[in-house]
Every structure is written in structure tokens, then in C-alpha cells.
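# Structural features, examined
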Amino acid sequence: MVKITFSSPFKRAFKKKVKGKQNIESKYWEKVDIFIKNPFDTQLRTHKLSGKLEGMWSFTVEYDLRVIFYFVVIQLTQVHTICCGASIFALFYRI
């Protein structure tokens with residue numbers, strides 16, 4: 001079982017992109033429950049990121065909504081941000 005902490009950028013992005021949108025919010029919490037039990041469950045499509053995001057990981061909430069995170073220590077995860085597909089790259093590559 002994994003413990004999760006949320007960064008300030010994540011909290012801001014969550015309010016902007018997820019909070020109050022019933023459909024997306026319920027999917028998000030469903031995926032978080034799965035993540036807590038097994039971060040590498042196939043439903044999450046968890047994968048390592050590369051380039052400027054090296055050392056971080058991502059899992060999918062829905063087609064264009066992903067959560068970026070990194071493992072702090074065994075069984076503790078810091079959730080960094082949540083964003084739509086193309087905006088992940090814009091955050092770090094300034095497209």
C-alpha cells in the first residue's frame with residue numbers, strides 16, 4: 001500500500017482541471033484508489049517519463065488527463081501535478 005502526499009502545483013491544477021466536474025473527479029478518485037493498492041496496475045498505464053521529466057512517473061486518469069508523480073521512498077509518493085496530454089510537455093519544454 002502506498003501513501004500519497006500532494007504538492008502545491010498539484011492542488012492548484014486539481015482545482016482548475018478536476019474539482020467540481022463530477023465525471024472526471026469520480027474517475028480520478030477511482031484511479032487513486034487503484035494506485036494506492038498497486039501503483040503498477042495495468043488499468044493505470046503507469047510509465048516512467050524521460051527528458052526533463054526524468055525520474056518522474058505518470059499514470060492515466062482518462063485519455064488526455066494524467067497524474068505526474070515521483071517516488072520519495074518505498075511506499076511514499078509525492079503527486080506533482082495533473083494535466084492534459086499536450087500540456088505535460090508544455091510545462092517542461094515551453095512549446
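None of these values were measured; they are calculated from a predicted model.

### A closer look at the overall build of the chain
A tally of helices and strands in the chain yields three helices and five strands. When the helices and strands of the chain are placed in sequence order, the string is β-α-α-β-β-β-β-α. A total of 95 residues make up the chain; the buried ones form 38% of that total. For the chain, the share of sequence-separated contacts (at least 6 apart) that also reach a separation of at least 24 residues comes to 41%. Accessible surface computed for the chain: about 6,000 Å², of which carbon and sulfur atoms make up 57%.

### Let's talk about the nonpolar core
If you look at the biggest cluster of nonpolar residues, it comprises 16 residues, and the most contacted ones within it are Val18, Tyr28, Phe35, Phe59 and Val61. Secondary structure elements with two or more residues in this core: helix H1 (8–17), helix H2 (22–37), strand E3 (57–62) and strand E4 (65–73). By residue number, the principal contributor to this core is H2, which donates five residues.

### Considering unusual backbone geometry
Keep in mind that most residues, glycine aside, have a negative phi and that most peptide bonds are trans. One non-glycine residue, Arg45, adopts positive backbone phi at about 50 degrees. Within the element layout of this structure, Arg45 appears in the loop between H2 and strand E2 (47–48).

### Some words on the environment of Leu44
By secondary structure assignment, the location of Leu44 is in the loop between H2 and E2. Note: C-alpha distance between Leu44 and Phe59 (15 residues apart in sequence) is 5.2 Å. Filtering out sequence-adjacent residues up to four positions away, Leu44 remains in contact with Lys31, Ile34, Phe35, Asn38, Pro39, Phe59 and Thr60.

How each quantity is defined
Residues numbered from 1 in each chain as written. Predicted model: local features only at pLDDT ≥ 70, side-chain atom pairs only at ≥ 80, totals over all residues. Heavy atoms only, no water. Helix = DSSP H or I, 4+ residues; strand = E, 2+ residues; numbered from the N terminus. Buried < 20%, exposed > 50% of the residue type's maximum accessible area, 1.4 Å probe, protein only. Contact = heavy atoms within 4.5 Å. Areas by Shrake-Rupley, 256 points an atom, 1.4 Å probe, with all protein chains shown as cover. Core = buried A, V, L, I, M, F, W, Y, C linked by side-chain atoms within 4.5 Å.

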